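Report on the structure
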Amino acid sequence: MQLYRFLTGPDDSAFCHRVTDALNKGWMLYGSPSHSYNAEEKKMYCGQAVTKTVDGHEYSPDIKLGSF
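Residues numbered from 1 in each chain as written. Predicted model: local features only at pLDDT ≥ 70, side-chain atom pairs only at ≥ 80, totals over all residues. Heavy atoms only, no water.

1. Quick notes on the overall build of the chain
In plain terms, the rule: By definition, any uninterrupted DSSP run of H or I lasting at least four residues is a helix, any uninterrupted run of E lasting at least two residues is a strand, and each is numbered from the N terminus. Residue contacts follow a heavy-atom distance rule, with two residues in contact if any of their heavy atoms lie within 4.5 Å. Method for areas: the Shrake-Rupley scheme with a 1.4 Å probe, in which residue coverage is limited to the protein chains shown. His is not counted here, nor are the chain ends, while Lys and Arg score as positive and Asp and Glu score as negative. The atoms used to mark charge sites are NZ of Lys, CZ of Arg, CG of Asp and CD of Glu.
The number of helices and strands found in the chain is one helix and three strands. Put simply, the chain runs from its N terminus to its C terminus through helices and strands in the order β-α-β-β. Over its C-alpha atoms, taken along the principal directions, the chain stretches across nearly 45 × 25 × 20 Å. Nonlocal contacts in the chain, meaning residues at least 24 apart in sequence, comprise 57% of its contacts between residues at least 6 apart. Accessible surface, the chain: about 4,900 Å² in total, of which carbon and sulfur atoms supply 53%. For the chain, the separation between the mean place of its 7 positive charges and that of its 8 negative charges on side chains is 4 Å.

2. Considerations on the packing of aromatic side chains
Condition: Pairing of aromatic side chains here covers Phe, Tyr and the six-membered ring of Trp, requires ring centres within 6.5 Å, and sorts the geometry by plane angle: under 30 degrees stacked, over 60 edge-to-face, intermediate tilted. Whether a residue is buried, partly exposed or exposed follows from its accessible area with a 1.4 Å probe, protein chains only, as a fraction of its type maximum: under 20%, in between, or over 50%, in that order. By the criterion adopted, a ring carries a charge over it if an Arg CZ or a Lys NZ lies within 6 Å of its centre and within 35 degrees of its normal.
The tally for this structure, following the rule as stated, stands at one aromatic pair. Residues tyrosine 4 and tyrosine 30 carry aromatic rings whose centres are separated by 6.3 Å and whose planes lie at 85° to one another, so their mutual orientation is edge-to-face. In this pair, tyrosine 4 is assigned in strand E1 (residues 2-10) and tyrosine 30 in strand E2 (residues 28-38), connecting sequence segments 26 residues apart. Look at tyrosine 4 and you get partly exposed, because its relative accessible area is 45%. Across from the ring centre of tryptophan 27, 5.1 Å away, lies the NZ or CZ of arginine 5, which sits over that ring.

3. Observations concerning the sheet that holds E2
Strand-to-strand pairing in sheets goes through backbone hydrogen bonds, with the strands running parallel or antiparallel. What counts here: Two strands pair under a simple rule: DSSP has to find at least two bridges between them. Each axis is a line fitted through C-alpha atoms, and for a helix only the stretch in contact is used; angles between axes span 0 to 180 degrees, taken between their N-to-C directions.
The three strands lie next to each other as E1-E3-E2, forming an open sheet whose pairing is antiparallel. Looking along the sheet, the strands with just one partner apiece sit at the ends: E1 and E2. Strand-to-strand, the axes of this sheet are offset by a mean angle of 15°, without reference to chain direction. Here E2 runs beside strand E3 (residues 43-53); their pairing, made up of eight bridges, is antiparallel. Opposite serine 34, over in E3, you have glycine 47 as the bridge partner. In the packing of helix H1 (residues 13-24) onto the sheet, contacts are made with E1, E2 and E3, and the angle to E1 comes to roughly 165°.

Listed below in structure tokens is the structure:
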């Protein structure tokens, strides 16, 4: 089964740690990161897609993607 997640959050070290954690759990970067500026909050936000192949499981919408 192929899994997809899109990680998002403020452009800070916590976001980088979330992406690093996913990579260390076998997720692979998919595409380029995205950035956007929230003028109201005066903050940058990031997004990064990641994918992972998991054998021996069948997809279900109830799957908690972060548990893989």
